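The chain contents come next:
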Amino acid sequence: MVVVRTIAECRAERAKLGNLALVPTMGALHLGHLSLIEYAKKSAPYTAVSIFVNPSQFGPREDFTKYPRPIEADLEKCAKLGVDLVFNPSPEEMYPPQLSPIVVDLPQLTEVLEGKHRPGHFKGVCQVVAKLFNIVQPQLALFGQKDFQQLRVLTAMVEALDWPIEVIGCPTMREPDGLAMSSRNAYLSVDERERALAISRALLLANGEVKTGERRANRLIASMQNTLLDVGQLGRVPVSIDYIAAVDPITLKQVEMITGPTVLAIAARVGNTRLIDNIVVMP
Ligand code: AMP
């Protein structure tokens, strides 16, 4: 496995490889990331992983500074899985101060849900992924359904800019009790982790309701809200809800009735930790 930290080295090493699948990450790799890498290995002869905590996708009051950066453990995991190339640049390498920042925006997809609560987040995501695509030049890029809006926005960016890259979405990996794996779970205390379970539980219960015939989005949203706020009745600080939504997976517009595949999405804060999760339900 070759590990490179500059764009020039990355280009040189990439040129030695054939068809390549890229897994962009911010590191602190868990089984969710590793499932993407495994999928990449099956889908292309060569696999690259980028590890970069991208400052431009964090808001001013978000966790950029404290975001975990266990780079040695991450490299060991990549090596074990047989990754060919790891690109681990510094913020200065990616964003030299003399360069004007470039903005790619898809407002119809980026101003809702996460975009509404994290202004500028998707501009940062599109900026870094566009740069990574140009530097690494993958044939395939893999992203998690866990960040379903990000997956949708990046798929739309690749289509809109005619990039010859196949974007593949991979299923959300969960802990045995249902909690979606996330690098941010490391912030949770034992008590918070228990309360965080309400998020996946709310989604699973709503999915069950769809299976038994509920089609009204407002009923499903109310039921998810009840599950999330129930935790507070146990006498502990409740989960604080950023949003609960039922949206079309392509347009990300709110739906009123479940008449086709629909994404139920939740963003909530548990203590100081903001978590997101979603599930696709079918009528
Ligand atoms: P991050 O390091 O959080 O930027 O995530 C890197 C990639 O891993 C993104 O495409 C995420 O959607 C994906 N990912 C994060 N958590 C999970 C998970 N639990 N299951 C599957 N993919 C995930």
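Residues numbered from 1 in each chain as written. Predicted model: local features only at pLDDT ≥ 70, side-chain atom pairs only at ≥ 80, totals over all residues. Heavy atoms only, no water.

Draft legend 1. Structural context of the site of the ligand. Around the ligand, 17 residues are found, and the nearest of them are M26, G144, D147, M173 and M181. Within the backbone of M173, an N or O atom sits 2.8 Å from a nitrogen atom of the ligand. Considered on its own, the ligand offers 490 Å² of accessible surface; in the complex 93% of this is hidden by protein. When contributions to the shell around the ligand are tallied by element, the ones reaching two or more residues are β2 (20–25), α2 (31–43) and β5 (140–144). Here the shell around the ligand gets 3 residues from one element, more than from any other, and that element is α2. Grouping the amino acids of the shell around the ligand by side-chain chemistry returns 8 nonpolar, 7 polar and 2 charged. (Near = heavy atom within 4 Å. Polar contact = N/O pair within 3.5 Å; in protein donor to acceptor, adjacent residues only side chain to side chain. Areas by Shrake-Rupley, 256 points an atom, 1.4 Å probe, with all protein chains shown as cover. Helix = DSSP H or I, 4+ residues; strand = E, 2+ residues; numbered from the N terminus. Nonpolar A, V, L, I, M, F, W, Y, C, P; charged D, E, K, R; others polar.)

Draft legend 2. Here's a closer look at the packing of helix α9 (residues 190–211) against helix α10 (residues 217–230). Running from N to C, α9 and α10 point in directions that differ by 145°, and their axes come no closer than 9 Å. The two elements α9 and α10 cross, and the hand of that crossing is right-handed. Touching A198, I199, R201, A202, L203, L205, A206, E209 and V210 of α9 are L220, S223, M224, T227 and L228, all from α10. Of the residues contributing to the contact of α9 with α10, the split by class is 10 nonpolar, 2 polar and 2 charged. (Axes fitted to C-alpha atoms, helices over the stretch in contact; angles between N-to-C directions. Left-handed = near helix turned anticlockwise from the far one by under 90°. Contact = heavy atoms within 4.5 Å.)

Draft legend 3. Summary view of the sheet that holds strand β8 (residues 262–270). Taken together, 3 strands build an open sheet; the order of strands is β7-β8-β9 and the sheet is antiparallel. The open sheet has two edge strands, β7 (240–247) and β9 (273–281), and neither has a second partner. Strand-to-strand, the axes of this sheet are offset by a mean angle of 10°, without reference to chain direction. Helix-sheet contacts for α10 involve β7 and β8, and the interaxial angle to β7 is about 155°. (Pairing = 2+ DSSP bridges.)

Draft legend 4. Just the nonpolar core, in detail. Counting 44 residues, the largest nonpolar core has F87, V129, F133, F143 and M157 as its most contacted members. Of all elements in the fold, only α1 (7–15), β2, β4 (85–87), α7 (121–136), β5, α8 (148–160), β7 and β8 reach the threshold of two or more residues within this core. In this structure V129 touches F143, L154 and M157, once residues within four positions along its chain are discounted. Counting 25 residues, the second-largest nonpolar core is a separate cluster that includes A202, M224, A246 and I258. (Core = buried A, V, L, I, M, F, W, Y, C linked by side-chain atoms within 4.5 Å. Buried < 20%, exposed > 50% of the residue type's maximum accessible area, 1.4 Å probe, protein only.)

Draft legend 5. View of the pairing of β8. Judged by how many residues are buried, β8 sits mostly within the fold: 8 of 9 residues are covered. In terms of strand pairing, β7 meets β8 through 7 bridges, oriented antiparallel. Counted as the bridge partner of Y243 is A267 from β8. If you look at the hairpin formed by β8 and β9, you'll find 2 residues sitting between the two strands, and G271 has a positive phi there, around 60°.

Draft legend 6. Here's a closer look at the pattern of salt bridges. A full pass over the atoms with the stated rule returns 11 salt bridges. The closest approach of N and O atoms between R274 and E114, which form a salt bridge, is 2.8 Å. Pair noted here: R274 is in strand β9 and E114 is in helix α6 (residues 114–117), with a separation of 160 residues, a long-range link. R274 sits in the buried class, given a relative accessible area of 16%. (Salt bridge = Lys/Arg side-chain N within 4 Å of Asp/Glu carboxyl O.)

Draft legend 7. Geometry of the sheet that holds strand β1 (residues 2–4). Strand order across the open sheet formed by 6 strands is β1-β4-β3-β2-β5-β6, with parallel pairing between neighbours. Each edge of the open sheet is held by one strand with a lone partner, namely β1 and β6 (166–170). Taken over all neighbouring pairs, the strand axes of this sheet differ in orientation by 25° on average, direction set aside. Across 3 bridges, the pairing between β1 and β4 is parallel. Within β4, the residue paired with V2 across the bridge is L85. Where α1 meets the sheet, it contacts β1, β2 and β4, and its direction lies at approximately 160° from that of β4.

Draft legend 8. Representation of unusual backbone geometry within the structure. Phi is positive for D162, close to 55°, though the residue is something other than glycine. With respect to the element layout, D162 can be found in the loop between α8 and β6. The exposure class of D162 is exposed, given its relative accessible area of 65%. Backbone geometry places L252, a non-glycine residue, at a positive phi of 65°. As for its placement among the helices and strands, L252 is situated in the loop between β7 and β8.

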